[in-house]
Amino acid sequence: MGKENIKTKTPFMKVIKRHWLLLLMLLPSLLYVIIFSYVPMTGIILAFKRYQYNGGIYFSPWNGLNNFKALLISGKLGMVTRNTLLYNIAFILLGVVFEMGSAILLNELFSKVFKKVSQSLMFLPYFISWVVAGAIMYNIFNYEKGVFNHIITMLGGTAFDLYNTPAAWPIVIIFLRIWKQTGYGSVVYLAAITGLDQEMFEAASIDGASAWQKIKYLTIPSLMPTMMILVLLGIGNIFRGDFGLFYQTVRSSALLQPTTDVIDTYVFRLLIDNGDIGVSAAASLYQSVLCFITIMISNALVKKANPDYALY
């Protein structure tokens, strides 16, 4: 019998000496992550403190769980959590349908010029900030001076006061999100489609498969791993709202808050209107813990069903 091969670990300092140039190139990125991702995490302690400006983050007096009690007593935590969850579920589900559908339709276009023009027009809303989008929307749907109501009244109809109709806003917000994100999200699916083996599509065409059959039995199943990764990434932020979308379009209307207020805008108002840094930090920590628990459970379920689709 031969001797067993024994793998010895290379000393840490020897690795540094051998690869010092590569590690030096990695240093700026490492410092960036530490400074902007890990150092700010120490601010979590604000959720358990009664913040005082003269004491700062680290020397303010401890407050125990009083900040979390204040959140529960406010009576709005459940409402904003529900709104954030339901909106993000709609964003994820409809996002998959529109983004994947747009990518498949663009891939099926034969005219390269029309394909590029269509993709550019779909991608354009992504570069429009929510500040500009909110201003455009306000000038269109303003009750007194909006273009939409002006046209309706000219045709003999009754003006519609969108900014005083809370029931209409879930549809408006979902539409705005899909309008802005579809072009950007479709790029990922288009990249995945271009990476597919074209021989299986050619074989399907030889066998007489129609365009719809190739989409149904080849393209969509091949995009499932990409879709699952994007869905899991979306679930990881399912308790985080798009602050620009919810704040710039709603314009801080108290009447619309029951249907449009999310955790992010609630935390912002706690900080700006009330100036209560401790309670706003507690709400932000509550949001982060919910996101962490959700992504861990979702990834575990996906890993159990199909390990190839899991994030880790």
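These lines cover the structure that appears in this document, whether it is placed above or below. (Residues numbered from 1 in each chain as written. Predicted model: local features only at pLDDT ≥ 70, side-chain atom pairs only at ≥ 80, totals over all residues. Heavy atoms only, no water.)

### A look at the packing of aromatic side chains
Taken as a whole, this structure holds 17 aromatic pairs when the rule is applied. Note on Phe 123 and Phe 127: the rings are 5.2 Å apart at their centroids and 45° apart in plane angle, and the pair reads as tilted. Pairing Phe 243 with Tyr 247 gives two aromatic rings, centres 5.1 Å apart and planes at 10°, and the pair type is stacked. Note that Phe 243 and Tyr 247 are positioned in helix H12 (residues 243-248) at a spacing of four residues, about one turn of the helix. On the basis of relative accessible area, Tyr 247 is assigned to the partly exposed category, the value being 25%. An aromatic cluster of at least three residues, connected via ring pairs, comprises Phe 123, Tyr 126, Phe 127 and Tyr 184. Its end group placed over the ring of Trp 62, Lys 49 keeps NZ or CZ at 4.6 Å from the ring centre. Over the ring of Tyr 126 we find Lys 180, and its NZ or CZ is 5.4 Å from the ring centre. (Phe/Tyr/Trp six-rings, centres within 6.5 Å; stacked < 30°, edge-to-face > 60°. Helix = DSSP H or I, 4+ residues; strand = E, 2+ residues; numbered from the N terminus. Buried < 20%, exposed > 50% of the residue type's maximum accessible area, 1.4 Å probe, protein only. Lys NZ or Arg CZ within 6 Å of the ring centre and 35° of its normal.)

### Description of the nonpolar core
Counting residues in hydrophobic clusters, the biggest one holds 22 residues, and the most contacted among them are Val 96, Met 100, Ile 104, Tyr 189, Leu 223, Met 227 and Val 231. Counting residues per element, the ones that place at least two in this core are helix H5 (77-108), helix H9 (169-194), helix H11 (211-236) and helix H15 (277-305). Broken down by element, the residue count for this core peaks at seven residues, all from H11. If near-sequence neighbours (up to four positions away) are discounted, Met 100 is found in contact with Gly 95, Tyr 189, Ile 220, Leu 223 and Met 227. Of all hydrophobic cores here, the second largest spans 20 residues; its members include Ile 173, Ile 178, Leu 245 and Phe 246. (Core = buried A, V, L, I, M, F, W, Y, C linked by side-chain atoms within 4.5 Å. Contact = heavy atoms within 4.5 Å.)

### Description of the pattern of salt bridges
Taken as a whole and assessed by the stated rule, the structure comprises two salt bridges. Measuring nitrogen to oxygen at the nearest pair gives 3.2 Å for the salt bridge that ties Arg 177 to Asp 242. Residue Arg 177 is located in helix H9, and its partner Asp 242 is located in the loop between H11 and H12; the two are separated by 65 residues in the primary sequence. What makes Asp 242 partly exposed here is its relative accessible area of 22%. A salt bridge links Arg 269 to Asp 261, with the shortest nitrogen-to-oxygen separation between them at 2.5 Å. Judged by its relative accessible area of 15%, Arg 269 is buried. (Salt bridge = Lys/Arg side-chain N within 4 Å of Asp/Glu carboxyl O.)

### Some details on empty space enclosed by the protein
Any space left empty among the atoms is revealed by the rolling of a water-sized probe across them. Counted under the stated rule, the structure contains one cavity of 30 Å³ or more. Considering the residues around the largest cavity, the lining is formed by Phe 246, Tyr 247, Val 250, Ser 252, Ser 253, Gln 257, Thr 260, Asp 261, Thr 265 and Arg 269. Elements with a minimum of two residues in the lining of the largest cavity: H12, helix H13 (257-260) and helix H14 (263-272). Across the lining of the largest cavity, the residue classes break down as three nonpolar, five polar and two charged. (1 Å grid on protein atoms, 1.4 Å probe; cavity = no way out; pocket = protein on both sides within 12 Å on 5 of 7 lines; lining within 4 Å. Points joined across faces, edges and corners; volume = space filled by probe spheres on them. Nonpolar A, V, L, I, M, F, W, Y, C, P; charged D, E, K, R; others polar.)

### Remarks on H5
Taking 1.5 Å as the rise per residue, H5 with 32 residues should run 46 Å; its terminal C-alpha atoms sit 46 Å apart, in good agreement. Of all the bends in H5, the greatest, near 25°, is centred on Gly 95. (Expected span 1.5 Å × (residues − 1). Bend = angle between axes of the 7 residues up to and from the residue.)

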